[in-house]
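# Coordinate inspection notes
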Amino acid sequence: MPPSKKQPPDPTPAPPIVETPPSAAPPEPVAVPVENLTATRDLLGWHGERILAGMSAPVADWPDEYVQHLVAEGTLQIEGGDFGEAPPSFIAPDLTSPETPVVRDLREPNEAPKVVDVAGDAERPERGGEAR
Amino acid sequence: MTLGVTAVHTARLASLDACYGTNKAPNMPSSFNLRMYSADPVSGGAELGAAGGYTALSVANSGTNFGAATVVGGVATKANAVALSMAASTGAWSAGATHWALESGGVIYDTGPITDPTTGNPMTLTVSQANVTVRFGIGKLTITVPTP
């Protein structure tokens with residue numbers, strides 16, 4: 001009996017080679033000119049000072065949402081940077097005035113302040129009949 | 001010897017002044033706690049719990065808070081000279097209050113029923129919500145000694 005002909009192994013399909021476009025190179029950090037920083041700081045006031053502290057440059061290191069907000073409102077223009085529009089979920093803080101405590105009145109309508117006037121008398125009892 | 005009514009009043013007024021106000025006796029407390037009770041504390045009534053922000057009101061035993069005793073309607077009367085307001089409630093109090101007391105050091109010096117300031121009728125004071133301030137207006141918290 002002739003030896004069975006060895007079947008060649010099925011050619012394993014080579015993994016497809018997917019040509020992926022080179023990922024977009026991250027934008028080069030763009031340093032904000034000093035004058036822009038100053039203008040931004042002046043416009044944003046206290047809050048801006050706090051935000052800018054420690055992150056004056058490069059802008060690429062700033063929180064995206066914050067930069068998006070600045071770009072969207074026109075406060076900050078960055079050459080070569082495209083941060084798009086602020087996502088709709090981003091609620092821009094009020095950056096033009098110092099943060100102030102928010103006082104929320106959580107009272108229900110039926111819990112309006114109310115004063116209840118009462119009275120009371122402590123009548124000292126008479127003692128015996130000795131003092132008349 | 002027969003004493004007149006005026007003399008009787010004088011003695012009763014002095015008695016009240018010896019307890020409250022500027023001319024209090026040296027052994028009287030320098031301050032009292034105005035407390036609320038769900039029943040007559042003389043008969044074992046308990047003070048309200050802390051629910052709803054109830055707390056006793058500290059009242060200095062001074063001439064500012066207690067004026068000189070006077071005769072009102074033929075009755076020697078010591079009254080509060082300023083309004084006494086309890087702390088505003090933060091919710092419902094633990095129970096209705098029917099009595100008040102001026103207490104110091106665990107001793108109740110005077111106590112009486114809570115009454116409607118308009119009618120004088122006894123009432124149960126019920127605080128069922130927040131932001132309620134219970135107030136004894138000027139002259140509405142009194143200690144009296146009836147004239148026989």
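Bear in mind that the values here come from a model prediction, so they are computed numbers and not experimental data.

Thresholds, definitions, all that
Within any chain, residue numbers begin from 1 and follow the written order of that chain's sequence. Each chain gets a letter, beginning with A, and each ligand a number, beginning with 1, in the order they are written. Owing to the predicted nature of the model, reporting of local features is limited to residues with pLDDT of at least 70; listing and counting of side-chain atom pairs is limited to 80 or more, with chain, interface and lining totals taken over all residues. Side-chain metrics rest on all non-hydrogen atoms present in the structure, leaving aside hydrogens and water. Put simply, DSSP H or I for four residues or longer makes a helix, DSSP E for two residues or longer makes a strand, and each gets a number counted from the N terminus. Exposure categories follow from relative accessible area, calculated using a 1.4 Å probe and restricted to protein chains: below 20% of the type maximum is buried, above 50% is exposed, and the middle band is partly exposed. Here, two residues are considered to be in contact whenever any of their heavy atoms come within 4.5 Å of each other. Calculation of accessible area relied on Shrake-Rupley with a 1.4 Å probe; when residues are assessed, cover is drawn exclusively from the protein chains displayed. The pLDDT value expresses, per residue, how confident the predictor is, ranging between 0 and 100. Side-chain atoms within 4.5 Å link the members of a nonpolar core, which is a set of buried Ala, Val, Leu, Ile, Met, Phe, Trp, Tyr and Cys residues. Working definition: rings of Phe, Tyr and Trp (its six-membered ring) pair if their centres are within 6.5 Å, and the pair is stacked with planes under 30 degrees apart, edge-to-face with planes over 60 apart, and tilted otherwise. Buried area: the accessible area, evaluated with a 1.4 Å probe, that two parts lose upon being put together, summed over both parts. The term salt bridge refers to a side-chain nitrogen of Lys or Arg lying within 4 Å of a carboxyl oxygen of Asp or Glu.

## Overview of the overall build of chain B
What chain B contains, in helices and strands, is one helix and eight strands. Traced from its N-terminal end to its C-terminal end, chain B shows the element sequence α-β-β-β-β-β-β-β-β. Residues classed as buried in chain B amount to 43% of the 148 residues present. If you take every contact in chain B between residues at least 6 apart in sequence, the share linking residues at least 24 apart comes to 71%. Roughly 6600 Å² of accessible area belongs to chain B as shown, and the carbon and sulfur atoms make up 56% of that amount.

## As for the confidence of the model for chain B
A residue-level look at chain B finds 95% of positions with pLDDT of 70 or above and a mean pLDDT of 91. Interface confidence for the predicted complex, expressed as ipTM, amounts to 0.89; the pTM equals 0.59.

## Description of the nonpolar core
Nonpolar side chains in soluble globular proteins tend to be buried together. Counting 33 residues, the largest nonpolar core has Leu34(B), Met36(B), Trp100(B), Leu102(B) and Leu125(B) as the members making the most contacts within it. At the level of elements, strand 1 (114-123) of chain A together with helix 1 (5-17), strand 1 (31-37), strand 2 (57-60), strand 6 (99-104) and strand 8 (132-145) of chain B are the ones that each hand at least two residues to this core. The residues contacting Leu125(B), other than those within four sequence positions of it, are Val116(A), Val118(A), Trp93(B), Ala95(B), Gly96(B), Ala97(B), Ile114(B) and Val134(B).

## Re the packing of aromatic side chains
All names here are of chain B. Inspection of every chain in the model, using the stated rule, returns five aromatic pairs over all chains. Where tyrosine 54 meets tryptophan 93, the ring centres are 5.2 Å apart and the plane angle is 75 degrees; that geometry is what we call edge-to-face. Taken together, the residues span a long stretch of sequence, with tyrosine 54 in the loop between strand 1 and strand 2 and tryptophan 93 in the loop between strand 5 (84-85) and strand 6 at a distance of 39 residues. Neither residue differs from the other here; tyrosine 54 and tryptophan 93 are each classed as buried. For the pair tryptophan 100 and phenylalanine 136, a centre-to-centre distance of 6.5 Å together with 70 degrees between the ring planes defines the contact as edge-to-face. Taken together, the residues span a long stretch of sequence, with tryptophan 100 in strand 6 and phenylalanine 136 in strand 8 at a distance of 36 residues. Assigned by exposure class, tryptophan 100 and phenylalanine 136 land together as buried. The structure contains a cluster of three or more aromatic residues connected by ring pairs, namely Tyr20, Phe32, Phe66 and Tyr109.

## Quick notes on the interface of chain B and chain A
Facing 32 residues of chain B, the contacting portion of chain A comprises 19 residues. Buried surface at the junction of chain B and chain A, summed over both partners, amounts to about 2200 Å²; 47% is from carbon and sulfur atoms. When residues of chain B are sorted by the area they lose upon contact with chain A, Gln129(B), Asn131(B) and Arg135(B) head the list and together hold 25% of the total. If you look at where chain B meets chain A, you find two salt bridges.

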